[in-house]
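# Observations on the three-dimensional arrangement
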Amino acid sequence: MSIKDIRVFGDPVLTKKADEVKDFDKQIRNLVKDLTETMLEAPGVGLAAPQIGVSLRVFTYCVEEDKPGHLINPVLSLTNNSQEGDEGCLSVPGLAFNTKRSYGVIATGKNMYGEDIVIEGSELLARCIQHETDHLDGIIFNTQGGFDLVSKIYSSVASHPNVAILPVTIEEVIKPQLPPKTNNELRVAILGNLNHHK
Ligand code: NI
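Here is a short report on the structure shown in this document. (Residues numbered from 1 in each chain as written. Predicted model: local features only at pLDDT ≥ 70, side-chain atom pairs only at ≥ 80, totals over all residues. Heavy atoms only, no water.)

## Thoughts on the side chain of Thr-60
- The topology assignment puts Thr-60 in strand β2 (residues 58–61).
- Dropping the residues within four chain positions of it, Thr-60 is found in contact with Val-32, Leu-35, Thr-36, Met-39, Val-45, Gly-46, Leu-47, Gly-69, His-70 and Glu-132. (Helix = DSSP H or I, 4+ residues; strand = E, 2+ residues; numbered from the N terminus. Contact = heavy atoms within 4.5 Å.)

## Re the coordination of the nickel ion
- Looking at the nickel ion, one finds its protein donor set to be Cys-89 (SG), His-131 (NE2) and His-135 (NE2), positioned 2.0 to 2.3 Å from the metal centre.
- In the primary sequence, the donor residues of the nickel ion line up as C-x41-H-x3-H. One end of the pair, His-131, and the other, His-135, are both in helix α2 (residues 123–136), four residues apart, so they sit about a helical turn from each other. Each of the two residues, His-131 as well as His-135, counts as buried. (Donors = N, O, S within 2.8 Å, 3.2 Å for Na, K, Ca; no water. Buried < 20%, exposed > 50% of the residue type's maximum accessible area, 1.4 Å probe, protein only.)

## Focus on the sheet that holds β2
- Taking strand neighbours across the sheet as the criterion, the five strands line up as β1-β2-β3-β8-β9 in an open arrangement whose pairing is antiparallel. Every interior strand has two partners, whereas the edge strands, β1 (46–48) and β9 (116–122), have only one. Adjacent strand axes in the sheet meet at a mean angle of 40°, parallel and antiparallel pairs treated alike.
- Judged from the seven bridges that link them, strand β8 (residues 104–110) and β9 form a sheet pairing that is antiparallel. Note on β9: the bridge partner recorded for Ala-107 is Ile-119.
- Of the strands in this sheet, β1, β2 and β3 (69–78) are in contact with helix α1 (residues 26–41), which crosses β2 at around 40°.
- Along the sheet, α2 makes contact with β1, β2, β3, β8 and β9, crossing β9 at roughly 125°. (Pairing = 2+ DSSP bridges. Axes fitted to C-alpha atoms, helices over the stretch in contact; angles between N-to-C directions.)

This is the structure in structure tokens:
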């Protein structure tokens, strides 16, 4: 088991819809361990498999003093009431955005042994579960912001020491996905093709 490099914005694995896990084998258990170690070392409250370059529907979380947990093939049931608050992402270092989320969530899925599990949470845990599930759908930030948001992300990532930016304009590099409207908010996903070197 090991600590993995965290992929940053621009890596195509982050904007791809991740695959369902079908085989709950040793590889999946190793993936959960790698995600957990990498998340705790960062440190972060959540980490999704695409963020370490694995396009599978798996994420780990560790909110406050709780023990780290994980969820595979998540299906979310959201409460109608919402919360507002800043949200950051290890793949977009140094930035946080006010992001409206459901206040509570009931998440069903599997653990690394293929057993059915349910995670029920509110506030930060609910925010984390929604954020990580977005990652599995290739969504980096689910918030209002449009082009302005994209520009900010671009600038932040451009100053990241491990990323090489091609000499092109933002318009050429980043194409915001067509925005399916949810709750009158713009769902922003970002497609990047920046060169990414480690
Ligand atoms: Ni994130």
